[in-house]
Amino acid sequence: MMFTPITALATGLTHTRSTRNAWSTVKSGERDVMGRQTSPTLVTLGRLVRTYRDASGILQKDLANRLGYSDGWLSNLETGQLRPRGEQVASIEETLSLPRGALMAVYDQLDNECLPLWFRPWLEEEQRASVVRSFELAIIPGLLQTVGYARALLQDDEPAVAARIDRQAIRQREVPPAMYFVIDEAALYQDRGGPKVMHEQLMTLADIASPRLTIQVVRSTANPRSLGAFTIATVDGNDVAYVETAVRGIVTSGRDDLAVLSEAWESIKANAMPQNESIEFIRRTAEERWT
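Quantities reported herein were computed from a predicted structural model and do not represent experimental measurements. (Residues numbered from 1 in each chain as written. Predicted model: local features only at pLDDT ≥ 70, side-chain atom pairs only at ≥ 80, totals over all residues. Heavy atoms only, no water.)

Asks: What's the story with the sheet that holds strand β4 (residues 230–235) in this structure? I'm lost.
Replies: By definition, the strands of a sheet pair up through backbone hydrogen bonds, in either a parallel or an antiparallel sense. Here we have six strands laid out as an open sheet, ordered β3-β2-β1-β4-β5-β6, and mixed in their pairing. Across the chains shown, the open sheet's two edge strands, defined by having one partner strand only, are β3 (213–218) and β6 (249–252). Looking at each pair of strands side by side, their axes are set apart by 10° on average, direction ignored. Strand direction decides the pairing type here: β4 and strand β5 (residues 238–244), joined by six bridges, are antiparallel. Opposite A233, over in β5, you have V240 as the bridge partner. (Pairing = 2+ DSSP bridges. Helix = DSSP H or I, 4+ residues; strand = E, 2+ residues; numbered from the N terminus. Axes fitted to C-alpha atoms, helices over the stretch in contact; angles between N-to-C directions.)

Written as structure tokens, this is what we have:
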């Protein structure tokens, strides 16, 4: 039986005992077979996919085939070991003829679960930004990280890795923001995940640089700021900033704060190598240090 919005409401599918059970037995802090902490929301999503699939009378392998993925991929999703992309969840809804949002409502909770409370206001600003200016002192900016690099930083917390990579979708918007990054050279030398991961990360930086996505490196000895990373975003014509501290990140739109950060940005950028030299430096570092 295939379920449409009408039949789902008529049969009470979204309120059956099995779907209630999919929500009720997930505990925070459980660990998967690899010893990693599970995401309760991700486990719930997987159980709902399986519940709706079973209710539709579709075998796991048949649904995987219709979606264009392997049995293993769907099995990992249904057991909460894999975080799918939003469009994949929407495709499952469509394939199973589910009411719109039957699964996406749960999927949308993943970002809230794996992102710190103090970071969420910044994420909203970042997604709406028309201009992003970012300085990083010790790591590669999150908007530029590869999956392997993010995984090493986040200690294999897959929901958190997926949330970080999802942020990068703003780079593929129809009209992406103008993005300017300055990275202290120390970030290129910090081992995050081993030589292979670092080499891939640095080469990715070199490959994605463009006139609207500039990447500059500032020598540590020439860097006028050593107090921490910050980002300034322009949203609807106004600036808002995110500043990292030793404890947490702070989002501010205060005039005095923005004045200090804007001055710091101009000073750092003035002391950084031009983009062409920076890209050459990044490629050389990748080859000489991480191969």
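Asks: Just checking my understanding: could you explain the pattern of salt bridges for this structure?
Replies: Working definition: two side chains of opposite charge can pair if their charged atoms are close together. Within this structure, the stated rule accounts for eleven salt bridges. Here D239 ties to R133 by a salt bridge, and the two come within 3.2 Å at their closest N and O atoms. Placement of the pair is D239 in strand β5 and R133 in strand β1 (residues 131–136), with a sequence separation of 106 residues. Judged by relative accessible area, which is 15%, R133 ranks as buried. Within this structure, R50, R53, D54 and E78 form a network of salt bridges that share partners. (Salt bridge = Lys/Arg side-chain N within 4 Å of Asp/Glu carboxyl O. Buried < 20%, exposed > 50% of the residue type's maximum accessible area, 1.4 Å probe, protein only.)

Asks: Where do I start with unusual backbone geometry in this structure?
Replies: The bulk of non-glycine residues show a negative phi, and the bulk of peptide bonds are trans. Here the phi dihedral of S97 falls at roughly 55°; this positive angle occurs in a residue that is not glycine. Take S97: it is sitting in the loop between α6 (86–95) and α7 (104–107). Phi angles above zero are rare outside glycine, and D236 is one such case at about 55°. Mapped onto the secondary structure, D236 falls in the loop between β4 and β5.

Asks: Teacher, can you tell me more about the side chain of Q88 here?
Replies: As for its position among the elements, Q88 is in helix α6. Looking at Q88, its side chain comes within polar contact range of the side chain of Y69, at 2.9 Å. A distance of 2.7 Å separates a polar atom in the side chain of Q88 from the backbone nitrogen of R85. The residues touching Q88, leaving out its near neighbours within four places in the chain, are Y69 and W73. (Polar contact = N/O pair within 3.5 Å; in protein donor to acceptor, adjacent residues only side chain to side chain. Contact = heavy atoms within 4.5 Å.)

Asks: Can you help me understand the side chain of E93 in this one?
Replies: By the secondary structure assignment, E93 is in helix α6. R100 provides the closest opposite charge to the buried, salt-bridge-free E93, at an N-O distance of 6.1 Å. Among residues more than four places away in sequence, those in contact with E93 are L98, P99, R100, G101, A102, L103 and M104. (Lys, Arg positive; Asp, Glu negative; His and termini not counted.)

Asks: Can you walk me through the packing of aromatic side chains in this structure?
Replies: How two aromatic rings sit relative to each other is set out by the distance from centre to centre and by the angle between their planes. Inspection of every chain in the model, using the stated rule, returns three aromatic pairs. Judged by centre distance (4.3 Å) and plane angle (20°), the ring pair of Y69 and W73 falls under stacked. (Phe/Tyr/Trp six-rings, centres within 6.5 Å; stacked < 30°, edge-to-face > 60°.)

Asks: Sorry, what's going on with the packing of helix α4 (residues 60–67) against helix α5 (residues 71–78) here?
Replies: Two measures define how a pair of helices packs: the angle their axes make with one another and the distance between the axes. Where α4 contacts α5, the axes come no closer than 8 Å and their chain directions differ by 110°. Of the possible angle classes, the one that applies to α4 and α5 is roughly perpendicular. Where α4 crosses over α5, the two elements pack in a sense that is right-handed. Contacts between α4 and α5 involve Q60, K61, L63, A64 and L67 from the former and D71, W73, L74, S75 and E78 from the latter. (Parallel < 35°, antiparallel > 145°, perpendicular 65-115°, else oblique. Left-handed = near helix turned anticlockwise from the far one by under 90°.)

Asks: Can you help me understand the packing of helix α3 (residues 40–55) against α5 in this one?
Replies: Two elements in contact, α3 and α5, have axes separated by 6 Å at closest approach and are oriented at 115°. Mapping the contact onto sequence places G46, R47, V49, R50 and R53 in α3 and L74, L77 and E78 in α5. Among the residues forming the contact of α3 with α5, the class breakdown is three nonpolar, one polar and four charged. (Nonpolar A, V, L, I, M, F, W, Y, C, P; charged D, E, K, R; others polar.)

Geometric descriptors of this kind do not, in isolation, establish any biological role.
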